Amino acid sequence: MGEEEGQRSNGGDGGGRKGRTNKYAVACSIIGSIISILMGYDSGVMSGAMLFIKEDLKTNDTQLQVLAGILNVCALVGSLTAGRVSDWVGRRLTISLAACIFLAGSVLMGLAPNFATLLVGRCVAGVGVGYALMIAPVYAVEIASAEIRGSLTSLPEICISFGILIGYVANYFLAKLPLVYGWRTMLGLGALPSAVLAVGVLAMPESPRWLVMQGRAEEALVVLRKVCNTAEEADVRLADIKSAAGFVEGEAAPAPPSGGGKGVMKEMFLHPTPAVRRILVAALGVHFFQHLTGIEAVVLYSPRIFKAAGIATRNQILAATISVGVTKTVFIMVAILLVDRVGRRPLYLSSLAGIIASMACLGLGLTVIERSAPHHGAPWAVALAIAAVFTFVAAFSVGVGPITWAYSSEVYPLRLRAQGASVGVAINRIMNAGVSMTFVTLYKAITIGGAFFLFAGLAVVAVAFFYFFCPETQGRALEEIEEVFSRGWRARQRQQAPSPSSVELPPVPDSKARP
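Reading the values: rules and limits
- Every residue gets a number counted from 1 within its own chain, in the order that chain's sequence is written.
- pLDDT decides what is reported in this predicted model: residues at 70 or higher carry local features, side-chain atom pairs at 80 or more are listed and counted, and totals for whole chains, interfaces and linings draw on all residues regardless.
- Based on all heavy atoms of the structure, the side-chain values leave hydrogens and waters out of the count.
- UniProt positions are given in the numbering used here, feature names are shortened, and annotations may be inferred rather than shown by experiment.
- Segments assigned H or I by DSSP are reported as helices when at least four residues long, segments assigned E as strands when at least two residues long, and all are numbered from the N terminus.
- Each residue's exposure class comes from its accessible area (1.4 Å probe, protein chains only) as a fraction of the maximum for that residue type: buried when under 20%, exposed when over 50%, partly exposed otherwise.
- Whether two residues are in contact is decided by their heavy atoms, any of which lying within 4.5 Å being enough.
- Computed with the Shrake-Rupley method and a 1.4 Å probe, the accessible areas treat only the protein chains shown as cover for residues.
- Only Phe, Tyr and Trp rings are paired, with Trp represented by its six-membered ring, and only when their centres lie within 6.5 Å; those with planes under 30 degrees apart are stacked, over 60 edge-to-face, the remainder tilted.
- Placement of a charge over a ring requires the Lys NZ or Arg CZ to be within 6 Å of the ring centre, with the centre-to-atom vector within 35 degrees of the ring normal.
- When a carboxyl oxygen of Asp or Glu is within 4 Å of a side-chain nitrogen of Lys or Arg, the pair counts as a salt bridge.
- Axes, fitted as lines to C-alpha atoms, cover a helix only where it is in contact. Angles between the N-to-C directions of the axes lie from 0 to 180 degrees.
- Just so you know how the angles are binned, under 35 degrees is roughly parallel, over 145 roughly antiparallel, 65 to 115 roughly perpendicular, and the rest oblique.
- Charged residues are taken to be Asp, Glu, Lys and Arg, nonpolar residues to be Ala, Val, Leu, Ile, Met, Phe, Trp, Tyr, Cys and Pro, and polar residues to be all remaining types, Gly included.
- In protein, a polar contact requires one atom able to donate a hydrogen and another able to accept it; more generally it is a pair of N or O atoms within 3.5 Å, and residues adjacent in sequence count only if both atoms are side-chain atoms.

You'll find the chain entered in an unreviewed UniProt entry as Major facilitator superfamily (MFS) profile domain-containing protein, with Triticum aestivum given as the organism. Listed under Subcellular location (unreviewed entry) in UniProt, the entry text for the chain is "Membrane".

**Q** Hey, could you go over the overall build of the chain for me, with residue numbers and the actual values?
**A** A count of helices and strands for the chain gives 25 helices and zero strands. Relative to its 515 residues, the chain shows a buried fraction of 56%. Across the chain, contacts joining residues at least 24 apart in sequence account for 83% of those joining residues at least 6 apart. For the chain, the accessible surface area stands at approximately 20,700 Å², while carbon and sulfur atoms represent 66% of it.

**Q** Kindly report on the packing of aromatic side chains, identifying the contributing residues and their values.
**A** Under the definition given, this model contains 12 aromatic pairs. With centroids separated by 5.2 Å and ring planes inclined at 90°, the aromatic side chains of F288 and F289 adopt a geometry described as edge-to-face. Among the residues examined, F289 registers a relative accessible area of 11% and is labelled buried. An aromatic cluster of three or more residues is present, and its members are F288, F289, F465 and F469. It is K176 that lies over the ring of Y172; its NZ or CZ is 4.4 Å from the centre.

**Q** Go over the pattern of salt bridges, please, and point to the residues and values.
**A** Throughout the structure, instances matching the rule amount to 10 salt bridges. Ionic pairing is found between D42 and R122, a salt bridge with its closest N-O pair at 2.4 Å. Of the two residues, D42 sits in helix α3 (residues 35-57) while R122 sits in helix α6 (residues 115-143), which places them 80 residues apart along the sequence. Overall, D42 belongs to the buried group, its relative accessible area being 2%.

**Q** Could you give an account of the packing of helix α5 (residues 91-110) against helix α9 (residues 179-188), naming the residues involved and the relevant values?
**A** The N-to-C vectors of α5 and α9 enclose an angle of 175°; their axes lie 7 Å apart at closest approach. If you check the angle between α5 and α9, you find them roughly antiparallel. Each of S106, M109 and G110 in α5 lies in contact with α9, whose residues at this interface are W183, R184, L187 and G188. Class assignment for the residues of the contact of α5 with α9 results in three nonpolar, three polar and one charged.

**Q** With reference to specific residues and values, describe the side chain of T473.
**A** Note that T473 resides in the loop between α23 (448-469) and α24 (481-484). For T473, a relative accessible area of 0% translates into the label buried. A polar contact of 2.4 Å, which involves the side chain of T473, links it to the side chain of E410. In this structure T473 touches R149, R344, Y407, E410, V411 and I481, once residues within four positions along its chain are discounted.

Next up, the structure:
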(Lines give C-alpha, C1' and ligand atoms only; values in the text may rest on other atoms or scores of the structure.)
Protein backbone atom coordinates (compact mmCIF):
# COMPACT_ATOMS: atom_id res chain seq x y z
CA MET A 1 0.00 0.00 0.00
CA GLY A 2 1.40 3.34 -1.07
CA GLU A 3 2.22 6.15 1.36
CA GLU A 4 -0.60 8.37 0.09
CA GLU A 5 -3.14 5.55 0.29
CA GLY A 6 -1.98 4.63 3.75
CA GLN A 7 -2.50 8.19 4.92
CA ARG A 8 -6.01 8.17 3.54
CA SER A 9 -6.82 4.90 5.23
CA ASN A 10 -5.79 6.40 8.51
CA GLY A 11 -8.02 9.40 8.20
CA GLY A 12 -9.91 10.50 5.16
CA ASP A 13 -12.39 12.91 6.63
CA GLY A 14 -10.06 15.75 7.12
CA GLY A 15 -7.72 17.25 9.58
CA GLY A 16 -8.51 17.29 13.22
CA ARG A 17 -10.52 14.09 13.16
CA LYS A 18 -8.22 12.21 15.44
CA GLY A 19 -9.08 13.26 18.93
CA ARG A 20 -12.06 13.06 21.15
CA THR A 21 -15.24 11.40 19.95
CA ASN A 22 -17.92 13.91 19.02
CA LYS A 23 -20.72 13.35 21.53
CA TYR A 24 -23.33 15.10 19.43
CA ALA A 25 -22.72 12.74 16.50
CA VAL A 26 -22.94 9.75 18.85
CA ALA A 27 -26.21 11.04 20.36
CA CYS A 28 -27.75 11.57 16.91
CA SER A 29 -26.76 8.06 15.82
CA ILE A 30 -28.22 6.55 19.00
CA ILE A 31 -31.55 8.36 18.58
CA GLY A 32 -31.70 7.40 14.90
CA SER A 33 -31.03 3.77 15.77
CA ILE A 34 -33.75 3.55 18.44
CA ILE A 35 -36.23 2.74 15.68
CA SER A 36 -34.45 -0.64 15.43
CA ILE A 37 -35.52 -1.48 19.01
CA LEU A 38 -39.09 -1.73 17.74
CA MET A 39 -38.12 -4.30 15.13
CA GLY A 40 -36.19 -6.34 17.71
CA TYR A 41 -39.03 -6.12 20.21
CA ASP A 42 -41.45 -7.52 17.64
CA SER A 43 -39.18 -10.49 16.87
CA GLY A 44 -38.51 -11.24 20.53
CA VAL A 45 -42.06 -10.84 21.79
CA MET A 46 -43.52 -12.88 18.93
CA SER A 47 -41.40 -15.91 19.88
CA GLY A 48 -43.29 -16.16 23.18
CA ALA A 49 -46.60 -14.70 22.00
CA MET A 50 -46.96 -17.52 19.47
CA LEU A 51 -47.26 -19.99 22.34
CA PHE A 52 -50.34 -18.11 23.58
CA ILE A 53 -51.77 -17.23 20.15
CA LYS A 54 -51.81 -20.92 19.27
CA GLU A 55 -53.73 -21.70 22.44
CA ASP A 56 -56.15 -18.75 22.25
CA LEU A 57 -56.90 -18.64 18.51
CA LYS A 58 -56.47 -22.39 17.91
CA THR A 59 -53.95 -21.88 15.11
CA ASN A 60 -51.85 -24.63 13.54
CA ASP A 61 -48.11 -24.73 12.78
CA THR A 62 -48.60 -23.55 9.21
CA GLN A 63 -50.50 -20.45 10.36
CA LEU A 64 -47.82 -19.71 12.96
CA GLN A 65 -45.08 -19.99 10.35
CA VAL A 66 -46.96 -17.55 8.12
CA LEU A 67 -47.49 -15.21 11.08
CA ALA A 68 -43.78 -15.34 11.94
CA GLY A 69 -42.57 -14.77 8.40
CA ILE A 70 -45.18 -12.41 6.95
CA LEU A 71 -43.56 -9.45 8.71
CA ASN A 72 -40.41 -9.97 6.64
CA VAL A 73 -42.36 -10.39 3.40
CA CYS A 74 -44.11 -7.07 4.02
CA ALA A 75 -40.81 -5.50 5.06
CA LEU A 76 -39.86 -5.92 1.40
CA VAL A 77 -42.45 -3.29 0.50
CA GLY A 78 -41.04 -0.95 3.12
CA SER A 79 -37.40 -1.53 2.29
CA LEU A 80 -37.80 -1.20 -1.49
CA THR A 81 -39.67 2.09 -1.17
CA ALA A 82 -37.72 3.53 1.79
CA GLY A 83 -34.62 4.37 -0.24
CA ARG A 84 -36.53 6.45 -2.76
CA VAL A 85 -38.60 8.08 0.00
CA SER A 86 -35.47 8.99 2.00
CA ASP A 87 -33.88 10.50 -1.13
CA TRP A 88 -37.06 12.54 -1.55
CA VAL A 89 -38.00 13.72 1.98
CA GLY A 90 -34.71 13.16 3.84
CA ARG A 91 -33.33 10.64 6.30
CA ARG A 92 -34.86 12.23 9.41
CA LEU A 93 -38.48 12.29 8.18
CA THR A 94 -38.09 8.72 6.93
CA ILE A 95 -37.25 7.60 10.48
CA SER A 96 -40.38 9.39 11.73
CA LEU A 97 -42.49 7.75 9.01
CA ALA A 98 -41.16 4.32 9.96
CA ALA A 99 -42.19 4.89 13.58
CA CYS A 100 -45.70 5.98 12.52
CA ILE A 101 -46.21 2.89 10.37
CA PHE A 102 -45.00 0.59 13.14
CA LEU A 103 -47.34 2.40 15.56
CA ALA A 104 -50.33 1.58 13.37
CA GLY A 105 -49.29 -2.08 13.09
CA SER A 106 -48.81 -2.44 16.85
CA VAL A 107 -52.26 -1.00 17.57
CA LEU A 108 -53.87 -3.43 15.11
CA MET A 109 -52.07 -6.42 16.64
CA GLY A 110 -52.88 -5.35 20.18
CA LEU A 111 -56.59 -5.05 19.41
CA ALA A 112 -56.85 -8.04 17.06
CA PRO A 113 -60.06 -10.03 17.69
CA ASN A 114 -59.06 -12.84 15.33
CA PHE A 115 -56.17 -14.31 13.32
CA ALA A 116 -56.99 -12.33 10.15
CA THR A 117 -56.75 -8.96 11.91
CA LEU A 118 -53.56 -10.07 13.67
CA LEU A 119 -52.06 -10.95 10.29
CA VAL A 120 -52.99 -7.55 8.83
CA GLY A 121 -51.43 -5.76 11.79
CA ARG A 122 -48.25 -7.74 11.40
CA CYS A 123 -48.15 -6.85 7.70
CA VAL A 124 -48.44 -3.13 8.50
CA ALA A 125 -45.74 -3.44 11.16
CA GLY A 126 -43.60 -5.23 8.58
CA VAL A 127 -43.65 -2.21 6.27
CA GLY A 128 -42.41 -0.09 9.19
CA VAL A 129 -39.68 -2.63 9.89
CA GLY A 130 -38.52 -2.40 6.28
CA TYR A 131 -38.21 1.37 6.59
CA ALA A 132 -36.41 1.11 9.94
CA LEU A 133 -33.87 -1.47 8.82
CA MET A 134 -32.94 0.61 5.81
CA ILE A 135 -32.82 4.11 7.28
CA ALA A 136 -31.17 3.59 10.71
CA PRO A 137 -27.71 2.46 9.48
CA VAL A 138 -27.79 4.90 6.54
CA TYR A 139 -28.42 7.86 8.87
CA ALA A 140 -25.70 6.69 11.27
CA VAL A 141 -23.13 6.16 8.52
CA GLU A 142 -23.76 9.62 7.07
CA ILE A 143 -23.41 11.37 10.43
CA ALA A 144 -20.32 9.54 11.74
CA SER A 145 -16.64 10.19 11.02
CA ALA A 146 -14.45 7.40 9.68
CA GLU A 147 -12.77 6.21 12.88
CA ILE A 148 -16.05 5.70 14.80
CA ARG A 149 -18.26 4.80 11.83
CA GLY A 150 -18.11 1.07 12.46
CA SER A 151 -19.25 1.49 16.05
CA LEU A 152 -22.07 3.90 15.24
CA THR A 153 -23.38 1.92 12.27
CA SER A 154 -23.45 -1.17 14.50
CA LEU A 155 -25.86 0.63 16.86
CA PRO A 156 -28.99 -0.51 14.94
CA GLU A 157 -27.96 -4.12 15.55
CA ILE A 158 -27.47 -3.57 19.28
CA CYS A 159 -30.85 -1.83 19.36
CA ILE A 160 -32.41 -4.82 17.61
CA SER A 161 -30.82 -7.11 20.20
CA PHE A 162 -31.95 -4.88 23.05
CA GLY A 163 -35.46 -4.92 21.58
CA ILE A 164 -35.37 -8.71 21.40
CA LEU A 165 -34.32 -8.84 25.05
CA ILE A 166 -37.18 -6.48 26.04
CA GLY A 167 -39.55 -8.73 24.09
CA TYR A 168 -38.35 -11.82 25.94
CA VAL A 169 -38.74 -10.06 29.30
CA ALA A 170 -42.24 -8.89 28.32
CA ASN A 171 -43.12 -12.48 27.44
CA TYR A 172 -42.01 -13.70 30.84
CA PHE A 173 -43.96 -11.16 32.89
CA LEU A 174 -47.04 -10.71 30.69
CA ALA A 175 -47.52 -14.48 30.48
CA LYS A 176 -49.14 -14.20 33.90
CA LEU A 177 -52.05 -12.16 32.47
CA PRO A 178 -55.28 -13.92 31.41
CA LEU A 179 -54.80 -15.66 28.05
CA VAL A 180 -57.08 -13.30 26.11
CA TYR A 181 -55.10 -10.21 27.24
CA GLY A 182 -51.56 -11.59 27.57
CA TRP A 183 -50.39 -11.90 23.95
CA ARG A 184 -52.38 -8.82 22.86
CA THR A 185 -50.61 -6.72 25.49
CA MET A 186 -47.25 -8.18 24.42
CA LEU A 187 -47.79 -7.11 20.82
CA GLY A 188 -49.56 -3.82 21.52
CA LEU A 189 -46.86 -2.40 23.79
CA GLY A 190 -44.74 -1.55 20.74
CA ALA A 191 -47.10 1.36 20.04
CA LEU A 192 -45.85 3.44 23.00
CA PRO A 193 -42.18 3.92 22.01
CA SER A 194 -43.26 4.30 18.36
CA ALA A 195 -45.37 7.34 19.22
CA VAL A 196 -42.57 8.95 21.25
CA LEU A 197 -39.96 8.33 18.55
CA ALA A 198 -42.16 9.60 15.69
CA VAL A 199 -42.20 13.04 17.33
CA GLY A 200 -38.82 13.03 19.11
CA VAL A 201 -36.78 12.28 16.00
CA LEU A 202 -37.79 15.66 14.53
CA ALA A 203 -35.37 17.31 16.97
CA MET A 204 -32.43 15.59 15.23
CA PRO A 205 -30.41 17.24 12.45
CA GLU A 206 -30.75 16.10 8.85
CA SER A 207 -27.97 14.07 7.22
CA PRO A 208 -25.36 16.52 5.86
CA ARG A 209 -24.77 14.27 2.86
CA TRP A 210 -28.47 14.34 1.94
CA LEU A 211 -28.49 18.12 2.33
CA VAL A 212 -25.56 18.43 -0.09
CA MET A 213 -27.39 16.25 -2.61
CA GLN A 214 -30.30 18.69 -2.38
CA GLY A 215 -28.04 21.66 -3.06
CA ARG A 216 -28.28 22.88 0.55
CA ALA A 217 -24.56 23.03 1.25
CA GLU A 218 -24.81 25.86 3.79
CA GLU A 219 -27.25 23.83 5.93
CA ALA A 220 -24.99 20.81 5.58
CA LEU A 221 -22.04 22.85 6.87
CA VAL A 222 -24.07 23.90 9.94
CA VAL A 223 -24.74 20.22 10.73
CA LEU A 224 -21.13 19.22 10.05
CA ARG A 225 -19.84 21.84 12.48
CA LYS A 226 -21.97 20.18 15.16
CA VAL A 227 -20.85 16.62 14.43
CA CYS A 228 -17.16 17.49 13.86
CA ASN A 229 -14.66 18.51 16.50
CA THR A 230 -13.25 21.49 14.59
CA ALA A 231 -14.46 23.95 11.96
CA GLU A 232 -11.53 22.91 9.74
CA GLU A 233 -12.64 19.28 9.84
CA ALA A 234 -16.19 20.32 8.93
CA ASP A 235 -14.93 22.32 5.92
CA VAL A 236 -12.79 19.42 4.70
CA ARG A 237 -15.63 16.92 5.07
CA LEU A 238 -18.01 19.21 3.21
CA ALA A 239 -15.51 19.55 0.34
CA ASP A 240 -15.14 15.74 0.20
CA ILE A 241 -18.91 15.21 0.20
CA LYS A 242 -19.46 17.77 -2.58
CA SER A 243 -16.70 16.19 -4.64
CA ALA A 244 -18.16 12.70 -4.17
CA ALA A 245 -21.61 14.00 -5.11
CA GLY A 246 -20.21 15.20 -8.43
CA PHE A 247 -20.39 18.94 -7.83
CA VAL A 248 -17.80 21.17 -9.45
CA GLU A 249 -15.19 22.47 -7.01
CA GLY A 250 -15.95 26.00 -5.90
CA GLU A 251 -19.60 25.83 -6.95
CA ALA A 252 -21.45 27.97 -4.41
CA ALA A 253 -24.95 26.62 -4.80
CA PRO A 254 -25.10 23.42 -6.83
CA ALA A 255 -28.45 22.62 -8.35
CA PRO A 256 -30.28 19.82 -6.53
CA PRO A 257 -30.69 16.60 -8.46
CA SER A 258 -34.11 16.22 -10.00
CA GLY A 259 -36.52 13.44 -9.21
CA GLY A 260 -35.27 12.49 -5.75
CA GLY A 261 -32.95 9.68 -6.78
CA LYS A 262 -34.14 8.85 -10.29
CA GLY A 263 -31.83 6.71 -12.38
CA VAL A 264 -30.07 5.11 -9.40
CA MET A 265 -31.41 1.61 -10.05
CA LYS A 266 -30.33 1.81 -13.69
CA GLU A 267 -26.84 2.87 -12.63
CA MET A 268 -26.61 -0.03 -10.17
CA PHE A 269 -28.13 -2.87 -12.18
CA LEU A 270 -28.16 -1.95 -15.89
CA HIS A 271 -24.96 0.03 -16.41
CA PRO A 272 -22.74 -0.50 -13.35
CA THR A 273 -19.06 0.35 -13.41
CA PRO A 274 -16.69 -2.46 -12.30
CA ALA A 275 -16.38 -0.80 -8.88
CA VAL A 276 -20.15 -0.52 -8.43
CA ARG A 277 -20.60 -4.12 -9.54
CA ARG A 278 -18.12 -5.31 -6.89
CA ILE A 279 -19.82 -3.11 -4.28
CA LEU A 280 -23.20 -4.67 -5.10
CA VAL A 281 -21.82 -8.20 -4.80
CA ALA A 282 -20.28 -7.42 -1.41
CA ALA A 283 -23.14 -5.36 0.05
CA LEU A 284 -25.95 -7.64 -1.12
CA GLY A 285 -23.95 -10.79 -0.39
CA VAL A 286 -23.49 -10.05 3.31
CA HIS A 287 -27.27 -9.63 3.61
CA PHE A 288 -27.85 -12.88 1.72
CA PHE A 289 -25.64 -14.89 4.04
CA GLN A 290 -26.61 -13.26 7.36
CA HIS A 291 -29.77 -15.30 7.88
CA LEU A 292 -28.41 -18.44 6.21
CA THR A 293 -26.33 -18.87 9.36
CA GLY A 294 -29.58 -19.73 11.21
CA ILE A 295 -29.97 -16.72 13.52
CA GLU A 296 -33.68 -16.31 12.85
CA ALA A 297 -34.30 -19.98 13.58
CA VAL A 298 -32.57 -19.63 16.94
CA VAL A 299 -34.18 -16.30 17.95
CA LEU A 300 -37.72 -16.99 16.79
CA TYR A 301 -37.88 -20.67 17.61
CA SER A 302 -35.63 -20.77 20.69
CA PRO A 303 -38.58 -21.96 22.84
CA ARG A 304 -38.93 -25.04 20.59
CA ILE A 305 -35.17 -25.62 20.62
CA PHE A 306 -35.04 -25.50 24.42
CA LYS A 307 -38.07 -27.78 24.59
CA ALA A 308 -36.32 -30.24 22.27
CA ALA A 309 -33.25 -29.98 24.52
CA GLY A 310 -35.30 -31.09 27.52
CA ILE A 311 -36.40 -27.82 29.18
CA ALA A 312 -40.00 -28.66 29.95
CA THR A 313 -42.10 -25.95 31.65
CA ARG A 314 -43.23 -22.75 29.95
CA ASN A 315 -41.65 -20.52 32.59
CA GLN A 316 -38.30 -22.32 32.23
CA ILE A 317 -38.44 -21.92 28.45
CA LEU A 318 -39.24 -18.19 28.66
CA ALA A 319 -36.48 -17.67 31.25
CA ALA A 320 -34.01 -19.45 28.97
CA THR A 321 -34.96 -17.20 26.05
CA ILE A 322 -34.29 -14.15 28.24
CA SER A 323 -30.77 -15.49 28.76
CA VAL A 324 -30.40 -15.73 24.97
CA GLY A 325 -31.40 -12.07 24.68
CA VAL A 326 -28.91 -11.02 27.35
CA THR A 327 -26.12 -12.92 25.60
CA LYS A 328 -26.96 -11.34 22.25
CA THR A 329 -26.98 -7.82 23.68
CA VAL A 330 -23.73 -8.23 25.65
CA PHE A 331 -21.72 -9.58 22.73
CA ILE A 332 -22.95 -6.92 20.32
CA MET A 333 -21.64 -4.35 22.78
CA VAL A 334 -18.31 -6.18 22.59
CA ALA A 335 -18.48 -5.91 18.80
CA ILE A 336 -19.06 -2.16 19.00
CA LEU A 337 -15.89 -1.81 21.07
CA LEU A 338 -13.84 -3.90 18.63
CA VAL A 339 -15.09 -3.12 15.13
CA ASP A 340 -13.11 0.11 14.69
CA ARG A 341 -9.99 -1.32 16.34
CA VAL A 342 -9.77 -4.84 14.93
CA GLY A 343 -11.40 -4.18 11.56
CA ARG A 344 -14.40 -5.63 9.74
CA ARG A 345 -12.76 -8.63 8.12
CA PRO A 346 -11.03 -10.24 11.15
CA LEU A 347 -14.13 -9.81 13.31
CA TYR A 348 -16.53 -11.13 10.66
CA LEU A 349 -14.42 -14.18 9.76
CA SER A 350 -13.80 -15.04 13.43
CA SER A 351 -17.54 -14.76 14.03
CA LEU A 352 -18.25 -17.22 11.21
CA ALA A 353 -15.74 -19.69 12.69
CA GLY A 354 -17.64 -19.60 15.98
CA ILE A 355 -20.96 -20.01 14.16
CA ILE A 356 -19.74 -23.09 12.30
CA ALA A 357 -18.49 -24.76 15.48
CA SER A 358 -21.60 -23.95 17.54
CA MET A 359 -24.05 -24.98 14.80
CA ALA A 360 -22.26 -28.30 14.43
CA CYS A 361 -22.37 -28.86 18.20
CA LEU A 362 -26.05 -27.89 18.36
CA GLY A 363 -26.86 -30.27 15.53
CA LEU A 364 -24.95 -33.08 17.27
CA GLY A 365 -26.58 -32.48 20.66
CA LEU A 366 -30.13 -32.29 19.28
CA THR A 367 -29.59 -35.37 17.10
CA VAL A 368 -28.50 -37.42 20.12
CA ILE A 369 -31.45 -36.13 22.19
CA GLU A 370 -33.91 -36.85 19.39
CA ARG A 371 -32.70 -40.43 19.00
CA SER A 372 -32.82 -41.12 22.73
CA ALA A 373 -35.84 -42.51 24.53
CA PRO A 374 -38.44 -39.82 25.44
CA HIS A 375 -37.33 -37.77 28.48
CA HIS A 376 -34.10 -39.80 28.71
CA GLY A 377 -31.70 -37.77 26.60
CA ALA A 378 -28.03 -38.05 27.50
CA PRO A 379 -27.14 -35.31 30.00
CA TRP A 380 -24.02 -34.38 28.02
CA ALA A 381 -26.09 -33.94 24.86
CA VAL A 382 -28.60 -31.69 26.65
CA ALA A 383 -25.79 -29.58 28.10
CA LEU A 384 -24.04 -29.42 24.70
CA ALA A 385 -27.21 -28.30 22.91
CA ILE A 386 -28.00 -25.55 25.43
CA ALA A 387 -24.38 -24.33 25.53
CA ALA A 388 -24.27 -24.34 21.71
CA VAL A 389 -27.31 -22.03 21.51
CA PHE A 390 -25.58 -19.45 23.70
CA THR A 391 -22.24 -19.88 21.93
CA PHE A 392 -23.91 -19.42 18.56
CA VAL A 393 -25.73 -16.26 19.66
CA ALA A 394 -22.47 -14.85 21.08
CA ALA A 395 -20.50 -15.68 17.91
CA PHE A 396 -23.15 -14.19 15.63
CA SER A 397 -23.54 -11.05 17.72
CA VAL A 398 -19.83 -10.23 17.89
CA GLY A 399 -19.39 -10.17 14.10
CA VAL A 400 -21.89 -11.27 11.46
CA GLY A 401 -24.85 -9.46 13.06
CA PRO A 402 -23.54 -5.89 13.47
CA ILE A 403 -20.96 -5.93 10.65
CA THR A 404 -23.58 -6.88 8.05
CA TRP A 405 -25.39 -3.60 8.66
CA ALA A 406 -22.27 -1.48 9.08
CA TYR A 407 -20.48 -2.86 6.03
CA SER A 408 -23.46 -2.80 3.66
CA SER A 409 -24.24 0.82 4.57
CA GLU A 410 -20.73 2.24 4.22
CA VAL A 411 -19.58 0.70 0.94
CA TYR A 412 -22.03 2.50 -1.37
CA PRO A 413 -21.15 5.81 -3.04
CA LEU A 414 -23.30 8.72 -1.81
CA ARG A 415 -25.50 8.83 -4.92
CA LEU A 416 -26.37 5.12 -4.55
CA ARG A 417 -26.41 4.69 -0.77
CA ALA A 418 -30.09 5.03 0.16
CA GLN A 419 -31.52 2.93 -2.67
CA GLY A 420 -28.64 0.44 -2.54
CA ALA A 421 -29.31 -0.04 1.18
CA SER A 422 -32.99 -0.55 0.32
CA VAL A 423 -32.18 -3.43 -1.99
CA GLY A 424 -29.90 -4.94 0.67
CA VAL A 425 -32.65 -4.80 3.28
CA ALA A 426 -35.05 -6.38 0.79
CA ILE A 427 -32.68 -9.32 0.32
CA ASN A 428 -32.17 -9.51 4.09
CA ARG A 429 -35.92 -9.72 4.64
CA ILE A 430 -36.37 -12.33 1.91
CA MET A 431 -33.78 -14.55 3.56
CA ASN A 432 -35.25 -13.86 7.01
CA ALA A 433 -38.74 -14.76 5.78
CA GLY A 434 -37.44 -17.85 4.01
CA VAL A 435 -35.82 -19.18 7.20
CA SER A 436 -38.61 -18.20 9.61
CA MET A 437 -41.44 -19.51 7.40
CA THR A 438 -39.78 -22.81 6.53
CA PHE A 439 -37.79 -23.78 9.64
CA VAL A 440 -40.51 -25.93 11.22
CA THR A 441 -41.12 -27.69 7.90
CA LEU A 442 -37.35 -28.08 7.39
CA TYR A 443 -36.64 -29.68 10.74
CA LYS A 444 -39.63 -32.02 10.37
CA ALA A 445 -38.19 -33.13 7.01
CA ILE A 446 -34.50 -33.56 7.96
CA THR A 447 -34.73 -33.55 11.81
CA ILE A 448 -33.95 -30.53 13.98
CA GLY A 449 -30.32 -31.62 14.33
CA GLY A 450 -30.01 -31.97 10.56
CA ALA A 451 -31.34 -28.43 10.10
CA PHE A 452 -28.52 -27.00 12.20
CA PHE A 453 -25.90 -29.12 10.42
CA LEU A 454 -27.21 -27.50 7.22
CA PHE A 455 -26.78 -24.02 8.68
CA ALA A 456 -23.20 -24.92 9.65
CA GLY A 457 -22.45 -25.92 6.06
CA LEU A 458 -23.91 -22.68 4.70
CA ALA A 459 -21.72 -20.71 7.11
CA VAL A 460 -18.66 -22.36 5.51
CA VAL A 461 -19.78 -20.96 2.15
CA ALA A 462 -20.18 -17.54 3.79
CA VAL A 463 -16.53 -17.65 4.91
CA ALA A 464 -15.34 -18.15 1.33
CA PHE A 465 -17.60 -15.37 0.06
CA PHE A 466 -16.49 -12.76 2.58
CA TYR A 467 -12.81 -13.64 2.25
CA PHE A 468 -12.74 -13.17 -1.52
CA PHE A 469 -15.32 -10.44 -2.19
CA CYS A 470 -15.32 -8.09 0.81
CA PRO A 471 -12.21 -5.90 1.27
CA GLU A 472 -11.45 -4.07 4.51
CA THR A 473 -13.07 -0.62 4.92
CA GLN A 474 -11.86 0.24 8.41
CA GLY A 475 -10.70 3.84 8.85
CA ARG A 476 -11.51 4.99 5.31
CA ALA A 477 -13.69 8.00 4.60
CA LEU A 478 -17.00 7.19 2.91
CA GLU A 479 -15.92 9.18 -0.12
CA GLU A 480 -12.84 6.93 -0.61
CA ILE A 481 -14.41 3.48 -0.27
CA GLU A 482 -15.44 3.27 -3.94
CA GLU A 483 -11.73 3.42 -4.77
CA VAL A 484 -11.14 0.28 -2.66
CA PHE A 485 -13.56 -1.62 -4.88
CA SER A 486 -12.04 -0.32 -8.10
CA ARG A 487 -9.59 -3.23 -7.93
CA GLY A 488 -10.47 -6.92 -7.88
CA TRP A 489 -9.32 -9.45 -5.30
CA ARG A 490 -6.18 -10.46 -7.21
CA ALA A 491 -5.14 -6.83 -7.70
CA ARG A 492 -5.65 -6.09 -4.01
CA GLN A 493 -3.57 -9.13 -3.05
CA ARG A 494 -0.76 -8.06 -5.38
CA GLN A 495 -0.84 -4.54 -3.93
CA GLN A 496 -0.64 -5.84 -0.34
CA ALA A 497 2.25 -8.19 -1.13
CA PRO A 498 5.66 -6.50 -0.81
CA SER A 499 7.46 -6.09 -4.14
CA PRO A 500 10.96 -7.60 -4.44
CA SER A 501 12.48 -4.14 -4.66
CA SER A 502 10.82 -3.08 -1.40
CA VAL A 503 12.11 -6.03 0.63
CA GLU A 504 15.10 -5.09 2.75
CA LEU A 505 17.92 -7.63 2.39
CA PRO A 506 20.55 -8.14 5.07
CA PRO A 507 23.79 -6.28 4.33
CA VAL A 508 26.49 -8.27 2.56
CA PRO A 509 29.73 -8.30 4.56
CA ASP A 510 32.60 -6.49 2.93
CA SER A 511 35.40 -9.00 2.44
CA LYS A 512 37.96 -6.20 2.49
CA ALA A 513 36.91 -5.22 5.97
CA ARG A 514 37.72 -8.65 7.38
CA PRO A 515 40.87 -8.97 9.44
